[in-house]
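# Inside the fold
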Amino acid sequence: MELVTSGEMRAIDASAIEEIGIPQEALMENAGRAVAEEARRFAETAGKGADFGWLILAGKGNNGGDGLVCARHLRDMGFRVAVLYAEPPERMQGAAALQRDIASRLGIPARVYALSDTGADAANAGWFAGFDGLIDALLGTGSAGEPRAPYASLIEAAVQSGLPVVAVDIPSGLNADTGAVAKASIRAKVTVALAYAKRGLHQHPGAGRAGEVVVRPIGIPADAAERAGVHTYLLNAESLKAKLGLSVPLPRKEDSHKGTYGHVLVAAGSALMSGAGLLSARAALRAGSGLVSWAQPAAAAPGLRGFAPEIMLRAVPDEGAGEWRLVKPERLAEAAAGVDALVVGPGMGRWDGDGAWLRNLLERVAAPVLVDADALNMIADAGAQPGVWPRREAPTVITPHPGEMARLAGMTVSEAQRDRIGLAREYAARHGVTVVLKGARTVVASPDGRAFVNTTGNSGMATGGSGDALAGIVGSLLGQGLNALEAAAYGAYWHGLAGDRAAASRPQAASLIAGDIIEAL
Ligand SMILES: NC(=O)C1=CN([C@@H]2O[C@H](COP(=O)(O)OP(=O)(O)OC[C@H]3O[C@@H](n4cnc5c(N)ncnc54)[C@H](O)[C@@H]3O)[C@@H](O)[C@H]2O)[C@H](O)CC1
Ligand SMILES: [K+]
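Starting afresh in each chain, residues are numbered from 1 along the sequence in its written order. Going through the entries in the order they are written, you letter the chains from A and number the ligands from 1. Two thresholds apply to this predicted model, a pLDDT of at least 70 for residue-level local features and 80 or more for giving and counting side-chain atom pairs, whereas whole-chain, interface and lining totals are computed over all residues. To get the side-chain values, take all heavy atoms of the structure and skip hydrogens and water.

Let us now look at the site of ligand 1. Neighbouring residues are identified by heavy atoms, a residue being near a molecule or strand if any of them is within 4 Å of it. Neighbouring residues of ligand 1: 24 residues in total, closest Asn63, Asp66, Gly140, Arg148 and Asp169. Here glycine 140 contributes a backbone N or O atom positioned 2.6 Å from an oxygen atom of ligand 1. A 3.5 Å cut-off defines polar contacts: any pair of N or O atoms within that distance qualifies, except that in protein one atom must be a possible hydrogen donor and the other a possible acceptor, and neighbouring residues in sequence count only when both atoms are side-chain atoms. In this structure, glycine 145 approaches ligand 1 through a main-chain N or O atom, which is 3.3 Å from a nitrogen atom. For ligand 1, the protein covers 86% of the area, taking 830 Å² as the surface of the free molecule. Class assignment of the residues belonging to the shell around ligand 1 gives a composition of nine nonpolar, nine polar and six charged. Here, Shrake-Rupley sampling with a 1.4 Å probe gives the accessible areas, and only protein chains in the shown set may cover a residue. Gly is put with the polar residues, along with every residue not named as nonpolar or charged; the nonpolar set is Ala, Val, Leu, Ile, Met, Phe, Trp, Tyr, Cys and Pro, and the charged set is Asp, Glu, Lys and Arg.

Looking now at the packing of helix 7 (residues 237-244) against helix 16 (residues 484-504). Helix-helix packing is characterised by the crossing angle of the two axes and by the distance between the axes. Between helix 7 and helix 16, the least distance of the axes is 11 Å, while the angle of their chain directions is 170°. Here helix 16 runs roughly antiparallel to helix 7, going by the angle between their axes. Packed against helix 7, whose contacting residues are Ala237, Leu240 and Leu244, the element helix 16 presents Leu485, Glu486, Ala489, Tyr490 and Tyr493 at the interface. What counts as an axis is a line fitted to C-alpha atoms, over the stretch in contact for a helix, and the angles between N-to-C directions run from 0 to 180 degrees. A run of H or I in DSSP counts as a helix once it spans at least four residues, and a run of E counts as a strand once it spans at least two, with each numbered from the N terminus. Note on angle classes: values under 35 degrees are labelled roughly parallel, values over 145 roughly antiparallel, values of 65 to 115 roughly perpendicular, and the remainder oblique. Residue contacts are defined here by distance: any two heavy atoms, one from each residue, within 4.5 Å place the two residues in contact.

Glancing now at the domain arrangement of the protein. Domain segmentation is taken from an automatic or database assignment of domains. You can read the domains of the protein as domain 1 (16-226) and domain 2 (242-249 + 258-519). Summarising the inter-unit geometry, the C-alpha centres of domain 1 and domain 2 are found 43 Å apart. Taken residue by residue, the interface counts seven residues in domain 1 and eleven residues in domain 2. Contact between domain 1 and domain 2 buries roughly 770 Å² in total, counting both sides, with carbon and sulfur atoms accounting for 46%. The largest contributions to the domain 1 side of the interface with domain 2 come from Arg199, Gln203 and His204, which together make up 59% of the buried area. Any Lys or Arg side-chain nitrogen located within 4 Å of an Asp or Glu carboxyl oxygen qualifies as a salt bridge. Of the charged contacts, one joins lysine 243 and glutamate 226 as a salt bridge, the two residues approaching to 3.9 Å between their closest N and O atoms. Of the residues belonging to the side of domain 1 that touches domain 2, the class tally is one nonpolar, four polar and two charged. The buried area of a pairing is the accessible area, by a 1.4 Å probe, that goes missing from both parts when the two are put together, added over both.

Metal sites are built from N, O and S donor atoms within 2.8 Å, or 3.2 Å for Na, K and Ca, and they leave out water, so they may look incomplete. Taken together, the protein donors to the potassium ion (ligand 2) comprise Asn63 (OD1), Asp136 (O), Leu139 (O), Val168 (O) and Ile170 (O), at separations of 2.6 to 3.0 Å. Here the donor residues of the potassium ion (ligand 2) share one chain and are spaced in sequence as N-x72-D-x2-L-x28-V-x1-I. With leucine 139 in the loop between strand 5 (133-137) and helix 5 (151-161) and isoleucine 170 in the loop between strand 6 (165-168) and strand 7 (190-194), this residue pair connects regions lying 31 residues apart in the sequence. Accessibility assignment for this pair places leucine 139 and isoleucine 170 in one class, buried. Using a 1.4 Å probe on the protein chains alone, a residue whose accessible area is under 20% of its type maximum counts as buried, one over 50% counts as exposed, and one in between counts as partly exposed.

So, about the nonpolar core. Judged by nonpolar contacts, the single largest core of 57 residues is most densely connected at Leu332, Leu358, Val371, Trp389 and Tyr427. Both domains that meet at this core, namely domain 1 (16-226) and domain 2 (242-249 + 258-519), each give it at least three residues. Each residue touching leucine 332, except ones within four places of it in the same chain, is listed here: Leu265, Ala267, Ala295, Val316, Trp324, Val327, Trp357 and Leu361. As used here, the term nonpolar core means buried Ala, Val, Leu, Ile, Met, Phe, Trp, Tyr and Cys residues forming a set that is joined through side-chain atoms within 4.5 Å. By size, the runner-up hydrophobic cluster in this structure holds 46 residues, among which are Tyr233, Leu240, Ala268 and Trp494.

Look at the link from histidine 204 to proline 205: it is a cis peptide, with omega at -5°. Structurally, proline 205 is set in the loop between strand 8 (197-198) and strand 9 (212-216). Following valine 248, the chain continues into proline 249 via a peptide bond in cis, with omega recorded as -5°. By secondary structure assignment, the location of proline 249 is in the loop between helix 7 and strand 11 (263-267). Positive phi, close to 55°, is recorded for alanine 373, a residue that is not glycine. By the secondary structure assignment, alanine 373 is in the loop between strand 15 (369-371) and helix 11 (374-380). Owing to a relative accessible area of 14%, alanine 373 belongs among the buried residues under this scheme.

Next comes the structure, spelled out in structure tokens:
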């Protein structure tokens, strides 16, 4: 379940080979066979069986070496097989060169790619004629930057051929660490991740090019990543259990009463945006809180009576204005005294001096706090230097979407999206807050360095109110006694799972609204 960078993978490979003594050739043999088995599974699902012709696109590195082992095993399985070397094969070295010689001695047909003399793209050079699928063994974790010639044009020709691709380790052209994709990049039906999934397979746009990611062991000891200090995990039921000791669904205590599951105070919504507060409060209820109170500026409260009978309304003195602007932070802190968690931010609006207001509130509240939406922008206006977040005894969890994350970190959105795992982890460590960086493949990062990449959720959830629901869910879990990372990770996973379930029962995901997510919890 660990996700690794190419650097971490190289260190793990080196340790297995040099310190433990597992021969590199053994790793490569296991890798190639694993890819062949996944390719066979793909051919069978494609209903073509053994008359499926595979063309192995082999680069000059060990990724190419894996591909040659794969070629040999596919041929032994009865497939038609040929190899197309990206570069003259005499340039291969070490374990890859050994596989080149074996393939040659076995008489596996091979050609060397060359741009047609006019430099025209090679698709029309018939390289792919007669084949049903491609094995992408061009570039793996050793590649850096845009694929250079001739890889770039071979990749583009492969894409243009329209043939299905099974990628070795990563689709060529993908940045294994960040998920960024080069102009020339393979779109795979299946990516066979060797030993561990690389981070880039689970961060967009890379995640959209990898197809089905299958992690296959190749003989690296199972605890190698942990021993190498890797603390990035795919967020799913398995890792929630193994890394955080949480089972899905969370067990409910038998001897429970209203107090058992905590009391959450939701300070959210305002006269014009009361919906955000209601959605957060309802989500907290559905997530299992024993009691949920919805704090509102006193003059705005009467208008909200009866919206949700299960939710207690908590009017906070506001000098008759009906706006948060005139609620003193100490008054809201008093309302939060004795609750088990506070959610602050959704639909709160902005006003002059709101940053100092929020910091004052955070310094006074003893309970765990979930900060979302407008409240995040209040802090963002104070800058990105350490200290913008008050140090607190109890945890602070923040749930920014990419735009809010960018403002908090003082960068553009595209910069913030470049390495979401790295940014969320660095921000969490620097400010001592637990970060839930929303978006496709939400990233949860703890100040202690652990990070989880979510696997649930769908594009239909990019709808107003979905974030309010997440804020309520995580706040509820904090109120139920989960620690910051547990609440953030479980909450993100559960929110996405509910969204997937809600989408499954609707004609199309795009019709999803936040209320559907809450009802599906
Ligand atoms: N390391 C191991 O013990 C194992 C590795 N496995 C497989 O090997 C690759 C990593 O192999 P490596 O030789 O380090 O690099 P690549 O094959 O990924 O690199 C390709 C090759 O191309 C050159 N290159 C680098 N960047 C570019 C570029 N932008 N354009 C063109 N060419 C580029 C570079 O010089 C390399 O030589 C890993 O992914 C696994 O598939 C085995 O699985 C097991 C053991
Ligand atoms: K590859």
